[in-house]
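An overview of the molecular structure
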Amino acid sequence: MVIDRGASSAHGVALTERVIEAVRRAPEASALDYQHVPWVEGSPQPMAADVLADMVFPSGRPLPPSLRAWLAFDVSLLERYGWFGQDGAFAPRPLDQLVDDELGGPWAEFFTPLAERFGECFLLPGGSDSRRVLAVGEPDAEGEYPVIALDVDDLPFAGLMYPGFDVYLAHTAGLVRMEFPTYTALFEHAIYGSRMRTHAVHRFAGEAYAEFPF
């Protein structure tokens, strides 16, 4: 997909709706090309409109526009990744707890210094030794929260990978084609770089990632 610099279709709800259109055509298709993770198992399960209207994160922060649009289409993908408790409410984890659950206790202690800054995290599909995590906090100009990459293949790593759930979805669905020679490559992207830099100021004191030891 070719996107004009700064075009509204490159962000937020407009971009997410393009992903939804693509998923509707092949809901059983895998979101990942190296692991079978169907976008939808069976039929899409939209969140009830009256429930979605009142949904906020436990911190009180609003849902990003892209996530609100996605949940109006389907909740099942995110349910499979532990986003909700038994009562249907959001069930975020601090970063070190998420690492403990996903990568094991020995790694979790390395990420504990970041847990206060990343206290409201949600796992997303993607990665093998690495993980993709939506990190709720200060939003960017589009009202979106960043997706960070966690990696323990060499030294523990935490860095900004996508400026929001909108761009994560579009890249995962193959609607936006981008190269990732490094996790933080979108800092140089003509469209998404400014959003990445906004999140860097809020999350890593202007840097693209946290240096180990954190």
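Here the structure is a predicted model, which is why all the values come from computation and not from measurement.

**Concerning the packing of helix H3 (residues 65-73) against helix H7 (residues 165-172)**
For the pair H3 and H7, interaxial distance at closest approach is 7 Å and the crossing angle is 55 degrees. One element, H3, and the other, H7, form an angle in the oblique class. Two secondary-structure elements touch here, H3 through Ser 66, Leu 67 and Trp 70 and H7 through Phe 165, Asp 166 and Leu 169. Across the contact of H3 with H7, the residue classes break down as four nonpolar, one polar and one charged.

**Some words on the packing of aromatic side chains**
Tallied over the entire structure, the rule returns 19 aromatic pairs. Note on Phe 165 and Tyr 168: the rings are 6.2 Å apart at their centroids and 25 degrees apart in plane angle, and the pair reads as stacked. With a gap of three residues between them, Phe 165 and Tyr 168 both fall in helix H7, about one helical turn apart. With respect to class, Phe 165 is no different from Tyr 168; both count as buried. Ring-pair connections join several aromatic residues into one group, and the members of that group are Phe 57, Trp 83, Phe 84, Phe 90, Phe 122, Tyr 145, Tyr 162, Phe 165, Tyr 168 and Phe 180.

**Focus: the sheet that holds strand E5 (residues 209-210)**
The sheet built from five strands is open, its strands ordered E1-E2-E3-E4-E5 with antiparallel pairing. Edge strands, defined here as strands with exactly one partner in the open sheet, are strand E1 (121-124) and E5. Two strands pair when backbone bridges link them, and strand E4 (residues 157-162) and E5 are joined in this way by two bridges, in the antiparallel orientation. Counted as the bridge partner of Gly 159 is Tyr 209 from E5. In the packing of H7 onto the sheet, the strands contacted are E1, strand E2 (130-135), strand E3 (147-151) and E4, and the crossing angle to E4 comes to about 80 degrees. Relative to E4, helix H8 (residues 193-204) is tilted by about 150 degrees, and along the sheet it contacts E2, E4 and E5.

Each value, and the rule that gives it
Residues numbered from 1 in each chain as written. Predicted model: local features only at pLDDT ≥ 70, side-chain atom pairs only at ≥ 80, totals over all residues. Heavy atoms only, no water. Axes fitted to C-alpha atoms, helices over the stretch in contact; angles between N-to-C directions. Helix = DSSP H or I, 4+ residues; strand = E, 2+ residues; numbered from the N terminus. Parallel < 35°, antiparallel > 145°, perpendicular 65-115°, else oblique. Contact = heavy atoms within 4.5 Å. Nonpolar A, V, L, I, M, F, W, Y, C, P; charged D, E, K, R; others polar. Phe/Tyr/Trp six-rings, centres within 6.5 Å; stacked < 30°, edge-to-face > 60°. Buried < 20%, exposed > 50% of the residue type's maximum accessible area, 1.4 Å probe, protein only. Pairing = 2+ DSSP bridges.

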